[in-house]
Amino acid sequence: MNSKVSNQIAIATLYVIASTIVVILAALLGYIIISGLPALSWHFLTSPAKAFTAGGGIGIQLFNSFYLLILTMIISFPIALGAGIYLNEYAKQNWLTSLVRTAIEILSSLPSVVVGLFGFLVFVVQFGFGFSILSGAFALTFFNLPLLTRSIEEALAAVPDEQREGGLALGLSKWETVLHIIVPAALPTILTGVILSAGRIFGEAAALIFTAGQSAPALNFTDWNPFNISSPLNPMRPAETLAVHIWKINSEGIMPDAKAISSGASAVLVISVLGFNLLARFVGHRLFKRLTAG
Amino acid sequence: MTNLLETHDLHVYYGQNEALKGIDLTFEEGGITALIGPSGSSKSTYLRTLNRMNDLIPNVTITGTIKFRDQDIYAPQTDLVTLRKEIGMVFQQPNPFPFSIYDNVAFGLKLAGEKNREYLDQVVETSLKQAAVWDEVKDHLHESALSLSGGQQQRVCIARVLAVSPQIILLDEPTSALDPISSSQIESTLLKLRTDYTIITVTHNLQQASRISDRTAFFMNGEVIEVDDTKKIFMNPARKETEDYISGRFG
């Protein structure tokens, strides 16, 4: 077989593999969205779920998902940023930092259900937070931290060393250089990482079943005092998220329109995650352009 | 005239490897000194020792004295921030920060706490004019500095150093990443600055050294072989190694 033929075989094989992946992805997305679309309506997106009768919505679950996402980000982003800055800018290459890196890698490969059970034991039981948004947010922080730290670290590492030298040569301290030059320069990449991890958090179910709970008590959307139990902002209330809701309906839903609700909720979830991904590209691209081309 | 900067018996070691083997050099105020020499002759190491940029490299040992206005810059009480404002540096790769041209030039002052907008505007304009890049960028000061060409970026970097009004400007092969036209623009910029600033530049380009510098120091294998007026070095060097190098017999 000459090299020309083997080259063509290789190209054809790669085409087949690539198109298989695209077809599987398109079929999956298409199926979820097409079977979910008929269920979607304003009423469906805003009204609370019903346990036994048809016509329930996903309003509270949708709100819970976003609230949990924001709370998780508020907790995990500062930690991840600090860890990323430490690992990339300050840490010396020795056994301790390689241990930290290994630990982060191991943490990122933990099954999310294990993270959930750990969160249950520590936050729900030991700390007495109960099934609550706060427990869920802490569990998701464990789940989110490794990947976010890694992506921030990589974003910082991609900033050329000339920038660091430039800052120091201007008489900036190391911290000023990091704060005023390196982090801003890495911002587009950091933001992309944040939004992508938001998509992962949004779709997470297993880690939340045992931490944020599986019930969505009715919320009073006119009461924004976080200390009231029926307030949407109360972090100590149990909060079933969209992804958990889908799991719940499919395992033990007894409402007559369970299938339609599950399809609709799945479509909303997939569209949201897709939205996060597109947003990440858009924002990252825009910021990069603003920084480079004026 | 007193010496602005002087080094005595300056040794630099990277681990076990002795990169600089006892350098004695003095720099008077004003003028351009060129450091020339083959690759690996440690002239960049020398330059980066003068504003303590080498401190950042792990495993580096520095002995001997460097005096800036009779103060030992390696003394414990030296304030690095002040030192690097007095002794600015321009690098081989243009390294503007990913901000606007204006913010790049005003950066040093802003961080030092300067808030007066009019004063900042004025310094930015003066610095960019001194760096001979004002006419090209004055209409888009608030666009990203990364959108400029390499030569313009390098001159903005020079302006950024000038804005904090240093005494000495160190340049580490400032034109080696630039095309010939940009290089000659940088050269004429430096020639304009030589009356107000003390300039020390490392260059691989011998023509450049002979065109712009007043004094030339020839480095080889971590030692200064010869230092003298540029004319003397290029027309009538005292040492055979110098002659061999500038006539292109090696290096």
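Remember, predicted model here, so these are calculated numbers, not experimental data. (Residues numbered from 1 in each chain as written. Chains lettered and ligands numbered in written order. Predicted model: local features only at pLDDT ≥ 70, side-chain atom pairs only at ≥ 80, totals over all residues. Heavy atoms only, no water.)

1. Focus on the UniProt feature "domain: ABC transmembrane type-1" (unreviewed entry) in chain A
Then step 1. According to UniProt, the feature "domain: ABC transmembrane type-1" (unreviewed entry) maps to residues 62-280 of chain A in the numbering used here.
Then step 2. In residues 62-280 of chain A, the share of helix is 73% and the share of strand is 0%. The end C-alpha atoms are 21 Å apart. (UniProt positions renumbered as here; feature names shortened; annotations may be inferred. Helix = DSSP H or I, 4+ residues; strand = E, 2+ residues; numbered from the N terminus.)

2. Focus: the sheet that holds strand S5 (residues 71-72) of chain B
Residues and elements named next belong to chain B.
Then step 1. Overall, antiparallel pairing links the 4 strands, which are arranged S2-S1-S4-S5 in an open sheet. Each having just a single partner strand, strand S2 (17-28) and S5 make up the two edges of the open sheet.
Then step 2. Examined bridge by bridge, strand S1 (residues 3-14) and S2 share 9 bridges and lie antiparallel to one another. Among the inter-strand pairings, Asn-3 is bridged to a residue of S2, identified as Glu-28.
Then step 3. Of the strands in this sheet, S1, S2 and strand S4 (60-68) touch helix H1 (residues 43-50), which is tilted by about 120° from S1. (Pairing = 2+ DSSP bridges. Contact = heavy atoms within 4.5 Å. Axes fitted to C-alpha atoms, helices over the stretch in contact; angles between N-to-C directions.)

3. Describing the nonpolar core
Then step 1. Core analysis: the biggest nonpolar cluster contains 58 residues, and Ile-58, Leu-69, Leu-140, Leu-156 and Leu-242 of chain A together with Phe-107 of chain B have the highest contact counts within it.
Then step 2. For this core, the secondary-structure elements that each account for two or more residues are helix H3 (59-90), helix H6 (133-157), helix H8 (174-202), helix H9 (206-209), helix H10 (242-252) and helix H11 (258-293) of chain A.
Then step 3. It is H8 of chain A that provides the largest number of residues to this core, a total of 11 residues.
Then step 4. Once residues within four sequence positions are removed from consideration, Leu-156 of chain A is found in contact with Gly-84, Ile-85, Asn-88, Glu-89, Arg-164, Ile-182, Val-183 and Ala-186 of chain A.
Then step 5. Listed in part, the 33 residues of the second largest apolar core include Tyr-102, Val-123, Leu-171 and Leu-190 of chain B. (Core = buried A, V, L, I, M, F, W, Y, C linked by side-chain atoms within 4.5 Å. Buried < 20%, exposed > 50% of the residue type's maximum accessible area, 1.4 Å probe, protein only.)

4. Here we look at the interface of chain A and chain B
Then step 1. Chain A puts 19 residues into the contact, and the matching count from chain B is 24 residues.
Then step 2. Area buried by chain A at its contact with chain B is led by Glu-165, Ala-169 and Leu-170 of chain A, which between them contribute 31% of it.
Then step 3. Our count for the contact surface shared by chain A and chain B stands at 1 salt bridge.
Then step 4. Ionic pairing is found between Glu-165 of chain A and Arg-48 of chain B, a salt bridge with its closest N-O pair at 2.3 Å.
Then step 5. Our count for the chain A to chain B interface comes out at 3 residue pairs in polar contact (both at pLDDT 80 or more).
Then step 6. Secondary-structure elements contributing two or more residues to the side of chain A that touches chain B are helix H7 (161-169), H8 and H11 of chain A.
Then step 7. For the side of chain A that touches chain B, the element with the highest residue contribution is H7 of chain A, accounting for 7 residues.
Then step 8. Residues belonging to the side of chain A that touches chain B are distributed by class as follows: 9 nonpolar, 7 polar and 3 charged. (Buried area = accessible area lost by both parts, 1.4 Å probe. Salt bridge = Lys/Arg side-chain N within 4 Å of Asp/Glu carboxyl O. Polar contact = N/O pair within 3.5 Å; in protein donor to acceptor, adjacent residues only side chain to side chain. Nonpolar A, V, L, I, M, F, W, Y, C, P; charged D, E, K, R; others polar.)

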